[in-house]
Amino acid sequence: MVIDTAIDIRNVSKCYRRYAHPVDRFKELMLPYKAQCQQFWALDKVSFQVRRGESVGILGQNGSGKSTLLQIIARTLTPTSGQVITSDRISALLELGSGFNPEFTGSQNVMLNGQLLGFSRRAIEAKMDEILAFSEIGDFVHRPLKTYSSGMFVRLAFAAAIVWEPEILIVDEALAVGDVFFQQKCFARIKALQQQGTTILFVSHDTQAILNLCQRAVLLDHGQVVYIGDAPTAVERYYELHYSSYEPEPLPKRAPDSEPPPTAAPKLDLALPLITDFSGKNRYGKAIGLIEGVCITDFSGKARAALLVQTELVLSIKLGPHAPNLAPLNIGFHLRDRLGQLIIGVNTHLLGHSLAQHPPGQALICQFRFRPQIAPGEYTLDVAVAEDALYAKTIYDWINSALPLSLTTGAEENDQGGICRPDIAVVTYDASTSTVVQSSG
């Protein structure tokens, strides 16, 4: 094992035996040469390494083997074959509150949990004040756990697990619970551990959390590693894997009398600076090639090196003729920052813009006009067309990072903080007379 490596996973496999009836276990014991079970391989020769101080995400659909892998790394599960070599002390957040006794008080459960982790009573008592401060449950710590609300229980369980500042931290969906304030507090704590050099393995279906916390990611599918690399690419592959698993379903036909009447629209300038070459882009769907071109321009239709955050922008997406079984369509886009975090995500279905009246066999250009009102910087745009549904399962054509977008304020003075740039009006009053002193915006 390399000295710089915190976790070395070598050809790890895990097989579960499935028996149709309980008596089949006895039959197999008596007749070992005749198998009575079905084998299910939750993991199949998984191998990768995690360097010291690195944060690695693990992605995959339900049943891909993520939790099984973490349990093996945490030594709560034994692999069928292969081995896991770790060089540092591990703390695992696999299931918050596992082992807590509802009849014991909060402080008694903290003491018991710490002892199960191998710490002395004196060490646990030294950390007790810090655990209670993080959990913010007050005097409830002296009451039985069965009197706690679910939020109080989660706070105490997380505080009891995170306070030990491990060399290796394993987190399995533990941050998907609690209110938004608790989640922010947990993320802040994990980021603090990152700055201290803690090695982190993080499993979550929240791809934004993966992008925010992890430098690299591992994508699992049916117990096998299908990608190891930078987190943004892993997230793209995760979505591609997710959507490609669905087969197109016939869409319901709308009655002619239910179609909305056509509305008047301004004439389109067809001289658009469309980008039509998407070679090298990650692209997937059931009808790849349906998107023929895209461009982002200012309101006058001009493409510029940098566009202003406070002015209206126009995103144009050109689709080629489509087959009748693909109608109606749902066209949308994602705007992502340099970390791959989703800033804007919208489509025609969410905006109530039905494309049911557009006849198949004809090309169309769909334009989204909006003011970004976000911080200046470098962004990318994903564009897609899918089935017309609130939760589209069938993707026809999806292009990741189809084109870049550079935003600027157009001014040299200091810019306001934060990601959003809303139009804000300011009014000041005389506190004694309630009269307006000044109004702006």
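Residues numbered from 1 in each chain as written. Predicted model: local features only at pLDDT ≥ 70, side-chain atom pairs only at ≥ 80, totals over all residues. Heavy atoms only, no water.

Enquirer: I'd like to hear about the side chain of Thr199, residue by residue, with values.
Expert: In this structure, Thr199 sits in strand E7 (residues 199–203). Judged by relative accessible area, which is 1%, Thr199 ranks as buried. Polar contacts involving the side chain of Thr199 include one to the main-chain amide nitrogen of Gly53, which spans 2.9 Å. Those residues in contact with Thr199, other than ones at most four positions away along the chain, are Ala6, Val50, Arg51, Arg52, Gly53, Glu54, Glu167, Ile168 and Leu169. (Helix = DSSP H or I, 4+ residues; strand = E, 2+ residues; numbered from the N terminus. Buried < 20%, exposed > 50% of the residue type's maximum accessible area, 1.4 Å probe, protein only. Polar contact = N/O pair within 3.5 Å; in protein donor to acceptor, adjacent residues only side chain to side chain. Contact = heavy atoms within 4.5 Å.)

Enquirer: Explain the pattern of salt bridges to me, and be specific about the residues and the numbers.
Expert: Applying the stated criterion across every chain yields a total of 11 salt bridges. For Arg51, the salt bridge goes to Glu54, with nearest N and O atoms at 3.1 Å. Look at Arg51 and you get partly exposed, because its relative accessible area is 44%. In this structure, the salt-bridge partner of Arg304 is Asp298, at a minimum N-O distance of 2.6 Å. Taking relative accessible area as the criterion, Arg304 reaches 48% and is therefore assigned partly exposed. When salt bridges with common partners are traced through the structure, they connect Arg51, Glu54 and Arg216 into a single cluster. (Salt bridge = Lys/Arg side-chain N within 4 Å of Asp/Glu carboxyl O.)

Enquirer: Tell me about the sheet that holds strand E4 (residues 81–86), and please be specific about residues and values.
Expert: Strand order in the open sheet made by the 3 strands is E2-E1-E4, with antiparallel pairing throughout. Sheet topology places strand E2 (37–51) and E4 at the edges, where each strand pairs with a single neighbour. Ignoring strand direction, the axes of neighbouring strands in this sheet form an average angle of 20°. Of the pairings in the sheet, the one linking strand E1 (residues 5–19) to E4 comprises 5 bridges and is antiparallel in character. For Ile7, the partnering residue across the bridge sits in E4 and is Thr86. Strand contacts of helix H2 (residues 66–73): E1, E2 and E4, with the helix running at about 120° to E1, the strand carrying the most contacts. (Pairing = 2+ DSSP bridges. Axes fitted to C-alpha atoms, helices over the stretch in contact; angles between N-to-C directions.)

Enquirer: If you had to explain the pairing of strand E5 (residues 90–93) to someone new, which residues and values would you point to?
Expert: Burial of E5 is one-sided: the residues Ser91 and Leu93 facing one way are buried, the residues Ile90 and Ala92 facing the other way are not. As judged from the 4 bridges shared by E5 and strand E6 (residues 168–172), these two strands associate in the parallel manner. When the sheet's bridge partners are listed, Ala92 is paired in E6 with Ile170.

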